[in-house]
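Summary of the model geometry
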Amino acid sequence: MWWVLPPDSPIPRRRGILHILQFGPPSPFRTRDGAAPSGVTHHMTSAQVSPSIDAPGAARITPRCPYFGTCGGCRHQDLAYADQVALKQERLQRAFASFGITSPIGLTGCEDPWRYRNKAELTFAAGSERLLLGFHAAGSFTRVVDIDDCLLLPEPAAAVLREVRELAASTGLPAYRAKTHDGFFRYLLLRSNRSGRVLAALITSSGPAEVVERMADALMRRRPELAGIYWGRTDRLADVAMPESLTHLRGETHLEEQIGPFRVHIHPFTFVQANTVQADRLYRRLADRLGTGETAWDLYCGAGIIGLYLAGSFRRVFGIDSEPAHGVLARANAQRNGIENMQVETGGVDEVLMDRRRWFLDAAPEAIVVDPPRAGLQPGTVASILGARPRRIGYVSCNLSSLTRDLRLLSAGFPRYRIAAVDGFDMFPHTEHVETLVLLER
Ligand SMILES: C[S@@+](CC[C@H](N)C(=O)[O-])C[C@H]1O[C@@H](n2cnc3c(N)ncnc32)[C@H](O)[C@@H]1O
């Protein structure tokens, strides 16, 4: 299902261009209840086309990537980068119009929108003649586009990808097939840092350890940029690159990355923002917007990076994340950076905050940061945030629809919060995603 924006749409500087956005990702061309706003025609097509198609005379550019249109990774490569930013800015503007925000919302673009992606999840598949390794095809959960390079990935990561595919093929073992639930090779996860180092996790079904050990040795020998390699096993039917068991095979266990003034360790399964340069900008803006104070909470703290940015301006910072490995990493990252005023709790935000006496009295916050997964906040979390009555809330989101839903709840409850600032960051050039930071105040 697709929404088509007519040529008289107010999209800046792109008159005559016909923008088509796939239904599903947050679209500016829907109202809160899902209906098309007036002036937007609802159009259905089953064609797998790129989301930005120009009308005659419009300045469509030639995508640089040979896989564009087939690979599901990028959807806006056929728009000049400035136009991609304008399109995303317009989406933000429309999303916040229903909150009465009419002043222009700033969206920070990238100086270099190529090879910024510090993480990749690649899938193996059986081709008719050879083993494939790449991204899911556009609009498909099963088809895989075999790639030799991705212009969003750093070159060392692409080199590791090619080498892993060649070595995997040379073992003679097949790729996993979801239909028949057989085969061996399933996923390759890559994390890259800005010094050109790569950490890899190969995920397979249960199978011969000696084959993977030999592959790991050959990889470490052939790819000097490879910092380390893990082997994960899963026999789950679900198409999720999350192993049931994980073994560190060779090299380093973590990748060191510089983000702003901090040196942090990441792991193949750690959540990190995909674009380190833009993440630093977002986190700095967040810390600026929240100001200074006694206590801040960093909810959904992951590896604790936001907490590091807040620790200089708040006397105490409390992080909460449900993933035990994130807790370990966040504490280690604080220690690594000489930060002593940050504490991290492991557990679901909802459950941890149930201890009202501790959190509302002993650790009462002046500021709360929330950076939840795509689904946004659970109702109980909204209630806990309102109950804690912080002066300011910083909401970081990659999903405009759950963000706007939660903002409505936060601005309709007691105490009543109002949106004091909105900032957009283009964390994912050439894709439809936009990262948003909202400051709420009471
Ligand atoms: C979008 S990431 C944010 C990570 C971190 N703030 C950052 O900037 O890197 C969301 C995080 O929420 C955690 N998470 C998911 N559900 C949770 C829950 N119910 N309670 C606490 N943490 C949760 C995940 O483990 C993940 O680290």
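Residues numbered from 1 in each chain as written. Predicted model: local features only at pLDDT ≥ 70, side-chain atom pairs only at ≥ 80, totals over all residues.

1. Here's the deal with the confidence of the model for the protein
Model confidence for the protein is summarised by a mean pLDDT of 87, while 87% of its residues fall at 70 or above. Every residue in residues 1–58 is under pLDDT 50, and counting partners more than four places away or in other chains gives 87 contacts. (pLDDT = per-residue confidence, 0-100. Contact = placed C-beta atoms within 7 Å.)

2. Thoughts on the sheet that holds strand E12 (residues 245–251)
Taking strand neighbours across the sheet as the criterion, the 7 strands line up as E8-E7-E6-E9-E10-E11-E12 in an open arrangement whose pairing is mixed. A strand with exactly one partner marks an edge of an open sheet, and here the two such strands are strand E8 (144–146) and E12. Neighbouring strand axes in the sheet, compared pairwise and without regard to direction, differ in orientation by 30° on average. Taken together, the 6 bridges between strand E11 (residues 226–233) and E12 define a ladder with antiparallel strand orientation. In the strand pairing of E12, isoleucine 229 is matched with arginine 250. Across the sheet, helix H3 (residues 209–222) is in contact with strand E10 (198–204), E11 and E12; its angle to E11 comes to roughly 165°. (Pairing = 2+ DSSP bridges. Helix = DSSP H or I, 4+ residues; strand = E, 2+ residues; numbered from the N terminus. Axes fitted to C-alpha atoms, helices over the stretch in contact; angles between N-to-C directions.)

3. So, the sheet that holds strand E16 (residues 314–321)
Spatial strand order, E5-E20-E21-E19-E18-E15-E16-E17: 8 strands in an open sheet with mixed pairing. A single partner strand is all that each edge strand has here, and the edge strands are strand E5 (106–108) and strand E17 (342–346). Going across the sheet, the axis of each strand differs from the next one's by a mean of 20°, ignoring polarity. Strand direction decides the pairing type here: strand E20 (residues 418–425) and strand E21 (residues 435–441), joined by 7 bridges, are antiparallel. Note that in E21 the partner of alanine 421 across the bridge is leucine 439. Across the sheet, helix H4 (residues 276–290) touches E5, strand E15 (293–299), strand E18 (367–370), strand E19 (392–397), E20 and E21, and the angle it forms with E19 is around 165°.

4. Observations concerning the packing of helix H2 (residues 155–171) against H3
One can describe the packing of H2 onto H3 by two numbers: an axis separation of 10 Å at closest approach and a directional angle of 145°. By crossing handedness, the relation of H2 to H3 is classed as right-handed. From H2, Glu163, Val164, Leu167, Ala168 and Thr171 reach across to H3, where they touch Val211, Met215, Ala218, Leu219 and Arg222. When the residues that make up the contact of H2 with H3 are grouped by side-chain class, the tally is 7 nonpolar, 1 polar and 2 charged. (Left-handed = near helix turned anticlockwise from the far one by under 90°. Nonpolar A, V, L, I, M, F, W, Y, C, P; charged D, E, K, R; others polar.)

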